[in-house]
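Architecture and fold: a report
Here is how the chains run, residue by residue.
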Amino acid sequence: MPPKRKGPLQTVQRETDDIKKQVDSLIKDARQSDVSGRTEAYQSRCIHLQNLMEETTRKLKKLTKADEPAPVGNYDQRKMEEESRLRGIEEQLLVLVLELSPPQKHEGGSSQAQEDEEEEDSEEDSEEDESEEEKVEDEEDVVTKTTEQIPESGTATYMVISAFKGEQEGDLTIQMGEVLTILSKNEDGWWLAQDSKGNKGLVPKTYLKRYSDQDDEDYEDDEASEDEDEELESKRMHSSNWDSVRRAITEIDATDVLSAMGAIPAGFRSSTLSKLLDEGITYRRSHYIQPELSQSKLSFKDLFRDPDTGKVRQRTARTSLTLTLWSCKSIPTPGVGVQVLSRHIRLCAFDGTQVLSNIHTIRATCNANNVKTWSFSPRMTGNLPSLLDRDCFLRCNLDTPELGILFELGVTYIRNSTGERGDLSCGWAFLKLFDANGAPVPHRTYELLVHGGTPYEKDIEVDPSLTRGATGTGMFQQMMFSRKLPKLFLKLKSPNARTRSQLSALPDTLVGSLSSIHLLVLHRQLLADALLMNRATMQNADLICSPLLATFPEIMDQTDLLDALRKSWLEAENNMKRSEKRDLPLLKRMFVRVYMDNIYPLLYSADLPPPRWADEMVENQRARVIFASLQTTSTQEHFHTHTDSPPRHQAFDISQLTFDLLCMAQ
C-alpha cells in the first residue's frame with residue numbers, strides 16, 4: 001500500500017516544528033553559554049532562521065484549501081493558528097536578537113577622551129559600514145516584517161498610564177507612572193519594552209502614552225490628584241453594598257412606619273438585595289453571562305474555544321455545586337393592614353462584606369392554614385416555571401476564605417390604606433462554603449438559623465417576642481424553644497457528570513436555576529463562535545449582526561420568556577433524531593431558529609406589557625400573550641397558515657439586531 005500523501009498545510013506545519021526546535025536550541029545555547037566570544041556565530045544563526053521563517057510564512061500565505069489532496073476540517077482556523085505560531089516564534093527570535101546586540105551607553109558622565117576615541121573609530125569604520133549597509137538592510141527587512149523597529153534608544157519613550165501585571169511568560173509587569181523604552185511595536189498591540197532596571201518584556205500598548213519632559217512635570221503635579229481619584233473610585237465600587245445598607249437603615253421609609261405601628265416584627269428591614277437589583281444591571285444575571293475581558297482588554301478572561309472539538313473550552317472553578325431549597329419554618333408574617341404579594345428567597349455569593357455574584361430569586365409558596373412555613377417547587381401540570389424551581393447551581397471562582405451563600409428571605413407587600421408597595425426582608429441566613437483550613441464543607445442537608453436585620457447587622461432577632469418568655473434550662477425547654485426559631489432547610493449536592501460538564505462551560509461566576517443551564521450553554525457556544533472564530537481579528541470591535549446575542553441577556557431577567565424558550569426548545573429536541581442531537585452545528589442552527597421564531601418576536605411585541613415584579617394582573621396578561629404567540633407559531637409551522645392580522649411591534653432600534661462587544665462585555 002503506497003504511503004499516504006502529505007498535504008501542503010501539513011508540510012508547512014512540519015517545517016514550523018523544525019524551525020521551533022532550532023529556535024529553542026539556539027535560545028538554550030545562547031543563554032547557557034558565554035556569548036561574548038560567539039556573538040557573531042549566534043547572530044548568523046538568527047539571520048538564517050529569520051530567512052527560513054520568512055520563506056515559510058510566504059509559503060503559508062499562498063496556500064488555499066483547493067491545494068489539499070484530501071478534505072481538511074477547519075482549514076481556515078488551522079491556517080490562522082499556524083500563522084500565529086510563526087509570529088510567536090519570530091517574537092522569541094527577535095527578543096534573542098536584542099539580547100545578543102551590544103549594550104548602548106546612556107550615561108552622560110563619560111570622559112571626553114572616550115568620546116574622541118569613539119568618533120575616531122566611527123570614522124575609521126565608516127567605509128566598512130557603507131560596504132555592509134546592503135546586507136544589514138536585508139537583515140532588518142526580515143526583522144521588521146512584523147514589527148516596527150525603533151532606530152535610536154531613548155527616542156521612543158512612553159509613560160505607563162495604568163498598572164499591568166504580567167499574565168504569562170514573556171510579559172513585563174509595569175506600574176503607573178513608570179517610563180519605558182519601546183524596543184519594537186508589534187501589529188497585534190503588544191509592544192516589546194524595557195524598564196529602568198533593564199527588564200524586557202511585552203506590554204499592551206493601551207496602557208502607554210507618549211512621554212515628554214512636560215509629561216514628567218505634569219505627572220508629579222497630578223499624581224496626588226490621580227491617587228485621590230482612584231481611592232474615591234475604589235471606595236465607590238467597594239462600598240456600593242454599604243450605601244444600599246446605609247439607605248435601608250437610615251432612611252425613614254414605609255418599613256419604619258410599619259414597624260412603629262406594630263404591623264411587622266422588629267427584626268424586619270427593607271430588602272438589601274432588592275435595592276441592589278433596582279440600582280441597575282450590575283447584580284443581574286444578564287450582566288454575568290457576558291464575557292469578561294482580561295486585564296489587557298485585548299482578550300477574554302473566561303471565554304475560550306477548543307479548536308479540535310469546536311466547543312467552549314471547559315474551565316474549572318473554585319466552587320461549583322448545586323443546591324436544593326427544602327423549606328422555611330417559623331417565619332413571622334406581617335400584621336393587619338399589609339397584604340403579602342410574594343414570598344421569596346434571594347441568594348448570591350457573599351464574603352461577609354459585599355455581593356460577589358448575580359442575585360437569584362426563587363419564589364416560595366405557603367399553605368393558607370400555615371403561612372409561617374414556606375415550601376418550594378409545588379406540584380403542577382406541565383413544566384415547572386424557573387421562578388419556582390428550588391434546584392439551583394452556584395459557580396464562583398473567587399479565592400476568598402470567607403466565601404459563602406447569602407440567603408435573604410423576603411416578601412413583597414402592599415399597604416391596604418395607601419396602596420404603597422415595597423420589599424421587606426424577613427431575615428437572612430449565611431452558609432460558609434469553606435472551613436477554617438480552607439477545605440470545602442461537606443455536601444449534606446443544612447439547618448440554618450434565620451437572623452433579623454440586614455446581613456451587616458449582628459445579633460438581631462427576627463421576632464424578639466419569641467424569646468421574651470423563654471425561661472428554663474432543661475433539655476425539653478431548649479427543644480421547645482429551638483422549634484420556635486425561624487430556620488431555613490437546604491441541601492448541598494455535588495453535580496453529576498453531565499451537569500458538571502455543563503457548568504464548566506459557563507462563566508466563572510454565576511448563580512441560576514438548574515432547569516435553564518442547557519440554554520445558557522448553547523448561548524455560550526454561539527457567543528464563542530461569534531467572538532473567537534468569526535471575527536476578522538481579535539482587535540476588531542465592530543458591531544456583530546446577531547439578534548440572538550443582542551437580545552438573549554434580556555430574557556435572563558424575564559423568567560416567563562425564559563420558560564417559553566425552554567418549552568419551545570424542548571419540543572424541538574423531541575422532534576430530533578438521536579444522531580441530530582449529537583450534531584453540534586445542527587443544534588446551534590436549530591437553537592437560533594427556535595429563538596427567532598418564538599421568543600424574538602415576543603421581546604418587542606406591543607401587546608406584551610413590561611414586566612413588573614409581584615403584580616398578578618401583569619403576570620397573567622403576559623402569560624396570555626406568550627401562550628397565544630407560541631400557539632400561533634406552532635400552528636403556522638404545522639399547517640403553513642398565516643393570520644390575517646399581523647402582530648404589532650415596538651419601534652425598531654439597531655440594538656435589537658447588533659451585539660456591541662464594547663458595551664456588553666464585563
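1. Let's talk about the overall build of the protein
Within the protein, the regular secondary structure consists of 19 helices and 19 strands. Here the protein holds 666 residues, and the buried ones make up 41% of them. Surface summary for the protein: the accessible area is close to 37,300 Å², and the carbon and sulfur share equals 49%.

2. Description of the packing of aromatic side chains
A complete count under the given rule lists 8 aromatic pairs for this structure. Relative to Y456, the ring of F350 lies with its centre 6.0 Å away and its plane at 70°, an arrangement referred to as edge-to-face. Placement of F350 in strand β9 (residues 338–350) and of Y456 in the loop between β15 (445–449) and α10 (465–468) is noted, with a sequence separation of 106 residues between them. Judged on exposure class, the residue F350 and its partner Y456 are both buried.

3. A look at the nonpolar core
It is characteristic of soluble globular proteins that their nonpolar side chains tend to be buried jointly. Core analysis: the biggest nonpolar cluster contains 47 residues, and F552, I555, L565, W569, F591 and Y595 have the highest contact counts within it. Taken together, the elements giving at least two residues each to this core come down to α13 (517–533), α14 (547–556), α15 (559–574), α17 (584–603) and α18 (616–639). Beyond its immediate chain neighbours, meaning those up to four positions away, F552 contacts I289, L519, L520, H523, L565, F591 and Y595. By size, the runner-up hydrophobic cluster in this structure holds 42 residues, among which are I331, L347, Y446 and V462.

4. Topic: the pattern of salt bridges
The full count for this structure, using the stated rule, is 23 salt bridges. Measuring nitrogen to oxygen at the nearest pair gives 3.2 Å for the salt bridge that ties R269 to E457. In this pair, R269 is assigned in strand β7 (residues 269–270) and E457 in the loop between β15 and α10, connecting sequence segments 188 residues apart. Since its relative accessible area comes to 19%, R269 is described here as buried. Taking the relative accessible area as the measure of exposure, E457 reaches 17% and is therefore buried. Residue R524 pairs with D302 through a salt bridge whose shortest N-O separation is 3.3 Å. Highlighted residues: R524 in helix α13 and D302 in the loop between α9 (285–288) and β8 (319–329), separated in sequence by 222 residues. Residue class for R524 comes out buried when judged on its relative accessible area of 2%. Bridged by salt links that share partners, the residues D17, E82 and R85 form one connected network.

5. Details of the packing of α13 against α14
Taken N-terminus to C-terminus, the directions of α13 and α14 make an angle of 150°; their axes are 11 Å apart at the nearest point. The orientation of α13 with respect to α14, classified from their angle, is roughly antiparallel. For the element pair α13 and α14, the recorded crossing hand is left-handed. Counting all contacts with α13, which are made through L519, L520, H523, L526, L527 and A530, the residues of α14 involved are L548, L549, F552 and M556. Across the contact of α13 with α14, the residue classes break down as 9 nonpolar, 1 polar and no charged.

6. So, the confidence of the model for the protein
Per-chain confidence: the protein averages 80 in pLDDT, with 78% of residues scoring 70 or above. Across residues 104–154 the pLDDT falls below 50, and counting only partners more than four positions away or on other chains, this stretch makes 37 contacts in the model. Contacts from residues 214–224, a stretch scored under 50 in pLDDT, to residues over four places away or in other chains number 8 contacts.

7. Here's the deal with α13
In this model α13 runs 23 Å from its N-terminal to its C-terminal C-alpha over 17 residues, within 8% of the 24 Å that 1.5 Å per residue would give. In terms of burial, α13 is largely enclosed, as 13 of its 17 residues are buried.

8. Considerations on the state of the cysteines
Two cysteines joined by a covalent bond between their sulfur atoms form a disulfide. In the structure shown here, the tally under the stated rule is 0 disulfides. Residue C328 stays outside any disulfide, its sulfur separated by 9.5 Å from that of C426, the closest cysteine. Residue classification places C328 among the buried residues on the basis of a relative accessible area of 0%.

9. Things to note about the pairing of strand β10 (residues 360–367)
Across 5 bridges, β9 lies against β10 in antiparallel orientation. When the sheet's bridge partners are listed, L347 is paired in β10 with H360. Pairing of β10 with strand β11 (residues 370–375) involves 2 bridges; the strand directions are antiparallel. Looking at β11, one finds that N367 is bridged to N370. Counting the residues in the hairpin turn of β10 and β11 gives 2 residues.

10. A few points about the pairing of β11
Bridge analysis of β8 against β11 gives 2 bridges, and the strand direction is antiparallel. Residue pairing across strands places C328 opposite W374, the latter belonging to β11.

11. Some details on the environment of H451
Its place among the elements puts H451 in the loop between β15 and α10. Here the alpha-carbon distance between H451 and F268, two residues 183 residues apart in the chain, equals 9.8 Å. The residues contacting H451, other than those within four sequence positions of it, are G427, W428, I460 and V462.

12. Describing unusual backbone geometry
Phi at S377 is positive, roughly 50°, even though this residue is not glycine. Here S377 is to be found in the loop between β11 and β12 (391–396). Residues other than glycine seldom take positive phi values, yet A614 does so here, at roughly 60°. Along the chain, A614 turns up in the loop between α17 and α18.

13. Concerning the environment of L86
Looking at the secondary structure, you find L86 in helix α3 (residues 75–100). Counting along the chain gives 29 residues from L86 to T57, while the straight-line C-alpha distance between them is 7.3 Å. With sequence-adjacent residues up to four places away left out, L86 is seen in contact with T16, M53, T56, T57 and L60.

14. A look at the packing of α13 against α15
Following both chains from N to C, one finds α13 and α15 inclined at 85°, their axes separated by 10 Å at the closest point. Considered as vectors, α13 and α15 are oriented roughly perpendicular to each other. Where α13 abuts α15, its residues H518, L519 and L522 lie against L562, L565, R566 and W569. Here the contact of α13 with α15 is built from residues that sort into 5 nonpolar, 1 polar and 1 charged.

15. Looking at the environment of P486
One can find P486 in the loop between α11 (475–484) and β16 (487–493). Spatially, the C-alpha atoms of P486 and T373 are 9.4 Å apart, while their sequence positions differ by 113 residues. Apart from the residues lying within four places of it in its own chain, the contact partners of P486 are K329, S330, I331, L448, L449, V450, V462 and L466.

The rules we used
- Residues numbered from 1 in each chain as written.
- Predicted model: local features only at pLDDT ≥ 70, side-chain atom pairs only at ≥ 80, totals over all residues.
- Heavy atoms only, no water.
- Helix = DSSP H or I, 4+ residues; strand = E, 2+ residues; numbered from the N terminus.
- Buried < 20%, exposed > 50% of the residue type's maximum accessible area, 1.4 Å probe, protein only.
- Areas by Shrake-Rupley, 256 points an atom, 1.4 Å probe, with all protein chains shown as cover.
- Phe/Tyr/Trp six-rings, centres within 6.5 Å; stacked < 30°, edge-to-face > 60°.
- Core = buried A, V, L, I, M, F, W, Y, C linked by side-chain atoms within 4.5 Å.
- Contact = heavy atoms within 4.5 Å.
- Salt bridge = Lys/Arg side-chain N within 4 Å of Asp/Glu carboxyl O.
- Axes fitted to C-alpha atoms, helices over the stretch in contact; angles between N-to-C directions.
- Parallel < 35°, antiparallel > 145°, perpendicular 65-115°, else oblique.
- Left-handed = near helix turned anticlockwise from the far one by under 90°.
- Nonpolar A, V, L, I, M, F, W, Y, C, P; charged D, E, K, R; others polar.
- pLDDT = per-residue confidence, 0-100.
- Expected span 1.5 Å × (residues − 1).
- Disulfide = S-S within 2.5 Å.
- Pairing = 2+ DSSP bridges.

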